[in-house]
Amino acid sequence: MSNKIIIAIDGFSSTGKSTIAKLLAKKYNYIYVDTGAMYRAVTLFAMNNNFVSKTSLDKEALILHLKNISLTFKFNKELGFAEMFLNNENVEKEIRTLEVSQLVSKVAAISEVRKKLVAEQQLMGNESGIVMDGRDIGTVVFPNAELKLFMTASADKRATRRYKELIDRGDKVEFNDILFNVEERDRIDSTREDSPLMKADDAISFDNSDMGITEQFDRICALVDRRIS
Ligand code: DC
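Fair warning: this is a prediction, and the values are worked out from it, not measured in the lab.

Asks: How would you explain the packing of helix α2 (residues 35-48) against helix α4 (residues 98-108) if you had to name every residue and give the values?
Replies: Running from N to C, α2 and α4 point in directions that differ by 100°, and their axes come no closer than 9 Å. Relative to α4, the element α2 lies roughly perpendicular. From α2, Tyr-39, Arg-40, Val-42, Thr-43, Leu-44 and Met-47 reach across to α4, where they touch Glu-99, Val-100, Ser-101, Leu-103, Val-104, Val-107 and Ala-108. Broken down by class, the residue content of the contact of α2 with α4 amounts to 9 nonpolar, 2 polar and 2 charged.

This is the structure:
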């Protein structure tokens, strides 16, 4: 029997972390946790309660209401991955809009928000065989993860992928807004005081600007196989 390990995938926005994570979870029969979805769901909660907008952030009110936020993942057999539920409501589609993307980095910079979500993520790590993607998984959530990956790609390539995703699902968006959002989120995520996005010393970097999914996946599977056999 092979060992079950923790695979931590961090990196810049829209670098294909979740695509790789979902493929890994399927191949190795691991649980996949999309931590970005959790920050997005908290942001949606804050938007719905008028705690955050493009011009404002009521940090104190959001912190006060954190106890009213329940986040759960429920596996959807047809989709093959777990969808995000905010207070028992499926918010998987709503959390992927450009509006949420434009506000999420502000919310994710709040230490109290991070404390709550990191604690929940660490609890999920008690399950054996987990692949988790985000910005601080290898540095903060699971510093002892057996395999750490750090994904990068040019901003233009990433914005192109994200633009296609949103257009394909019927959202009306402009490419330049997506490019701006991708760069702005990276800037805020990398410069925030609490657990900024950075490569863990022992993480393996992957620049997938010019690498297809199959090649990337094969290389990553070889790294996993070495650790579980
Ligand atoms: O992975 P994503 O693009 O859906 O993440 C949305 C935002 O959430 C991202 O811009 C920063 C924040 N985030 C974070 O701060 N820490 C994580 N572990 C995951 C996401």
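Asks: Would you mind going over the packing of aromatic side chains in detail, with residue names and values included?
Replies: Counted according to the given criterion, the structure contains 4 aromatic pairs. Measuring from centroid to centroid gives 5.9 Å for Phe-12 and Phe-150, while their planes differ by 80°, and the two rings are edge-to-face. Highlighted residues: Phe-12 in the loop between β1 (6-11) and α1 (17-28) and Phe-150 in strand β7 (residues 147-152), separated in sequence by 138 residues. Classification of Phe-12 by relative accessible area gives partly exposed; the value is 23%. The exposure class assigned to Phe-150 is buried, which follows from its relative accessible area of 6%. Relative to Phe-175, the ring of Tyr-163 has its centre 5.8 Å away and its plane inclined at 85°; by these criteria the two rings are edge-to-face. With Tyr-163 in helix α7 (residues 155-168) and Phe-175 in helix α8 (residues 175-191), the pair connects residues that are 12 residues apart, well separated along the chain. Its guanidinium or amino end placed over the ring of Phe-85, Lys-74 lies 4.2 Å from that ring's centre, counting from NZ or CZ.

Asks: Tell me about the sheet that holds strand β4 (residues 81-86), and name the residues and values.
Replies: Pairing is antiparallel in the open sheet, where 3 strands are placed in the order β3-β4-β5. The outermost strands of the open sheet, each flanked by one partner alone, are β3 (71-76) and β5 (89-90).

Asks: Any chance you could break down the sheet that holds strand β2 (residues 31-34) for me, citing the residues and the numbers?
Replies: A sheet is described by the order of its strands in space; here 5 strands give the open sequence β2-β6-β1-β7-β8, paired in parallel fashion. Single-partner strands in this sheet number two, and they are β2 and β8 (204-207). Each strand of the sheet is rotated relative to its neighbour by a mean of 20°, with strand direction disregarded. Sheet analysis places β1 next to β7, joined by 5 bridges and oriented parallel. Directly across from Asp-10, in β7, lies its bridge partner Phe-150.

Asks: Tell me what's going on with the pattern of salt bridges, and back it up with residues and numbers.
Replies: In total, this model carries 14 salt bridges according to the counting rule given. Notably, a salt bridge pairs Asp-186 with Arg-158, separated by 2.8 Å at the nearest N-O pair. With Asp-186 in helix α8 and Arg-158 in helix α7, this pair connects stretches of sequence that are 28 residues apart. The exposure class assigned to Arg-158 is buried, which follows from its relative accessible area of 5%. We note a salt bridge from Asp-168 to Lys-164, for which the minimum N-O separation is 2.9 Å. In this pair, Asp-168 and Lys-164 are both assigned in helix α7, 4 residues apart and thus about one turn of the helix distant. Among the residues examined, Lys-164 registers a relative accessible area of 52% and is labelled exposed.

Cut-offs applied
- Residues numbered from 1 in each chain as written.
- Predicted model: local features only at pLDDT ≥ 70, side-chain atom pairs only at ≥ 80, totals over all residues.
- Heavy atoms only, no water.
- Axes fitted to C-alpha atoms, helices over the stretch in contact; angles between N-to-C directions.
- Helix = DSSP H or I, 4+ residues; strand = E, 2+ residues; numbered from the N terminus.
- Parallel < 35°, antiparallel > 145°, perpendicular 65-115°, else oblique.
- Contact = heavy atoms within 4.5 Å.
- Nonpolar A, V, L, I, M, F, W, Y, C, P; charged D, E, K, R; others polar.
- Phe/Tyr/Trp six-rings, centres within 6.5 Å; stacked < 30°, edge-to-face > 60°.
- Buried < 20%, exposed > 50% of the residue type's maximum accessible area, 1.4 Å probe, protein only.
- Lys NZ or Arg CZ within 6 Å of the ring centre and 35° of its normal.
- Pairing = 2+ DSSP bridges.
- Salt bridge = Lys/Arg side-chain N within 4 Å of Asp/Glu carboxyl O.

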